[in-house]
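Understanding the architecture of this molecule
Here is how the chains run, residue by residue.
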Amino acid sequence: MTGFSIFFVGLLVLTVITRLWLSFRQTNYVSAHRDRVPDPFSTSISLADHQKAADYTCARALPARIGIALDSLVLLAWTLGGGLAFLDITLSGSISNDLLAGAAVLISLFLISALVNLPISIWSTFGVEQRFGFNRTTVRTFVSDLLKGMMLLLLFGVPLALAALWFMRNSGSLWWLYLWIMWSVFTLFITWAWPAFIAPMFNKFEPLQDENLRQKIEALLNRCGFRSQGIFVMDGSKRSAHGNAYFTGLGNNKRIVFFDTLVETLSPDEIEAVLAHELGHFRLRHVRKRLVLGFIASFLILALLGWLAGQSWFYSGLGIDQPSNHTTLALFILVLPVFMYFLTPIGSWYSRRHEFEADIYATQHAQRDDMVGALVSLYRENASTLTPDPLHSAFYDSHPPAITRISHLQQVTET
């Protein structure tokens, strides 16, 4: 093993230990607070619902832990175990065109990795989610989603892989810059195209039928100066009992989407408050800021890849004796999550900051009590734990813990 191999394995082991340690902290903390509803929720959430959320959190942890171990073993198999080198030799030997062979290696890598993780997905969906009454996905729908996902991978992945490999072969030392431009354009295209062309492949989107609720929402949109291509209800209940709402799209292709489960759970005033929160993300330019940060991050990452592509120790340290453009991309995609893992808390903190800001915006255009009521209902119906481990939450959670979030709402509106 080379020095870089030892460093990579050491960092991978440290990452696995940290992930498992945080997972056990979470389940231990949630279990320790299982028998008592936190005071701010004692009148709105029953002990039975609180205990269900605790049990659900702990049940989800087991497949997640096995997934952590499995991912690590698969990563070692692809790299130091020689899996990627074997796949490269096998496909390159049977496909004469180097671009097609490279694309085949990259797409096969994604497909094989997805199939390896399929049992964990099945367990989570038809085991954990089913046991707690959330799963509504049929086997037919599950298989259909899987096939559609693979179709999209081929539809978009093959052209992207071919274009990336072409740039690497024909664009000199700045190939990574052209690759970044292509990726940025593709990101904008997908963000724009998703609501109208891709999401309908998986779900039905119907215009909101409730006239009173529609009028209330349209009045809120007018107050906030927001225009969209429509207010839609998505058949989220086709797959899960969980509820949600979101904005999607860019430019004139923006849509407001409510899960049908959310419409059935919340009152019209609470739905208005949830929408005001989502509008806050738009009016405060959170979506735009995240896109810009994503572009900056991808620029730096691809610049790093451009440098690593010329370093022999990068390949030899990860099990590749005969480097190529496609193995460069494959190795980088495989190992990047390991080197980025300890930056996770920064992204989580930034996301929670945006959630606090959107909550404040919501109280300026809807009633605070309706926002609090909606949050309580969503925590209860989604079985989200009210007592997460503080360190686990700070590391991972994109949304503030329930108590912190509601306390912040109350403090802001009282001052």
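Scroll up to find the structure.
What comes next is a walk through the structure. What you see is a predicted model, and the numbers here were worked out from it, not measured in a lab. (Residues numbered from 1 in each chain as written. Predicted model: local features only at pLDDT ≥ 70, side-chain atom pairs only at ≥ 80, totals over all residues. Heavy atoms only, no water.)

1. Topic: the nonpolar core
Note the following rule: Definition of nonpolar core: a set of buried residues of the types Ala, Val, Leu, Ile, Met, Phe, Trp, Tyr and Cys, connected through side-chain atoms within 4.5 Å. A simple rule labels every residue: compare its accessible area, found with a 1.4 Å probe on the protein chains alone, to the largest value its type can have, and call it buried under 20%, exposed over 50%, or partly exposed in between. Any pair of residues with heavy atoms lying within 4.5 Å of one another is described as a contacting pair.
Of all hydrophobic cores here, the largest spans 48 residues; its most connected members are Leu84, Phe314 and Leu329. Not counting the four nearest positions on each side in its chain, phenylalanine 314 is found in contact with Phe4, Leu308, Thr328, Leu331, Phe332 and Val335. Leu221, Ile231, Val274 and Val372 belong to the second largest nonpolar core, which has 43 residues in total.

2. Considering the side chain of threonine 79
For the record, the criterion: In this text, helices come from DSSP runs of H or I with a minimum length of four residues, and strands from runs of E with a minimum of two, each type numbered from the N-terminal end.
Here threonine 79 shows up in the loop between α2 (47-78) and α3 (83-94). The exposure class of threonine 79 is buried, given its relative accessible area of 0%. In contact with threonine 79, not counting residues within four places along its chain, are Phe8, Leu318, Gly319, Leu331, Leu334 and Val335.

3. Looking at the pairing of strand β4 (residues 255-259)
Across a regular strand the side chains alternate sides, sitting on one face of the sheet and then on the other. To keep it simple, the criterion reads: Pairing between two strands is assigned when DSSP locates at least 2 bridges connecting them.
Taking burial as the measure, the 5 residues of β4 include 5 buried ones, the bulk of the element. Of the two faces of β4, the one holding Arg255, Val257 and Phe259 and the one holding Ile256 and Phe258 are both buried throughout. Here 4 bridges tie strand β2 (residues 231-234) to β4, and the two strands are oriented parallel to one another. Each bridged residue has a counterpart across the sheet, and for methionine 234 the counterpart in β4 is phenylalanine 259.

4. Observations concerning the sheet that holds β4
What counts is decided by this rule: Note on definitions: angles span 0 to 180 degrees between N-to-C directions of axes, and those axes are lines fitted to C-alpha atoms, for helices only across the stretch in contact.
Reading across the sheet, the 4 strands line up as β1-β2-β4-β3 and stay open at both edges, with mixed pairing between neighbours. The two strands at the open ends of the sheet, each matched to only one other strand, are β1 (205-207) and β3 (245-248). Shown here is a sheet whose adjacent strand axes are inclined to one another by a mean of 35 degrees, direction ignored. Here β1 runs beside β2; their pairing, made up of 3 bridges, is antiparallel. When the sheet's bridge partners are listed, glutamate 206 is paired in β2 with valine 233. Of the strands in this sheet, β3 and β4 are in contact with helix α9 (residues 268-283), which crosses β3 at around 35 degrees.

5. What to know about empty space enclosed by the protein
What counts is decided by this rule: With a 1 Å grid spanning the protein atoms alone, the term cavity applies to any set of points in which a 1.4 Å probe fits but cannot get out, the term pocket to an open set with protein on both sides within 12 Å along at least five of seven lines, and the term lining residue to any residue with an atom within 4 Å of a point. Grid points are joined across faces, edges and corners, and a volume is the space filled by probe spheres set on the points. Just so you know the grouping, Ala, Val, Leu, Ile, Met, Phe, Trp, Tyr, Cys and Pro go in nonpolar, Asp, Glu, Lys and Arg go in charged, and all remaining residues, Gly too, go in polar.
Under the definition given, this model contains 1 cavity of 30 Å³ or more. Computed from the structure, the largest cavity encloses a volume of approximately 30 Å³. Along its surface, the largest cavity is lined by Ile45, Asp49, His50, Ala53, Tyr379, Arg380, Ser384 and Leu386. Breaking the lining of the largest cavity down by element, the ones donating at least two residues are α2 and α14 (368-381). The dominant element in the lining of the largest cavity, judged by the number of residues it contributes, is α2, at 3 residues. Looking at side-chain class alone, the lining of the largest cavity contains 4 nonpolar, 2 polar and 2 charged residues.

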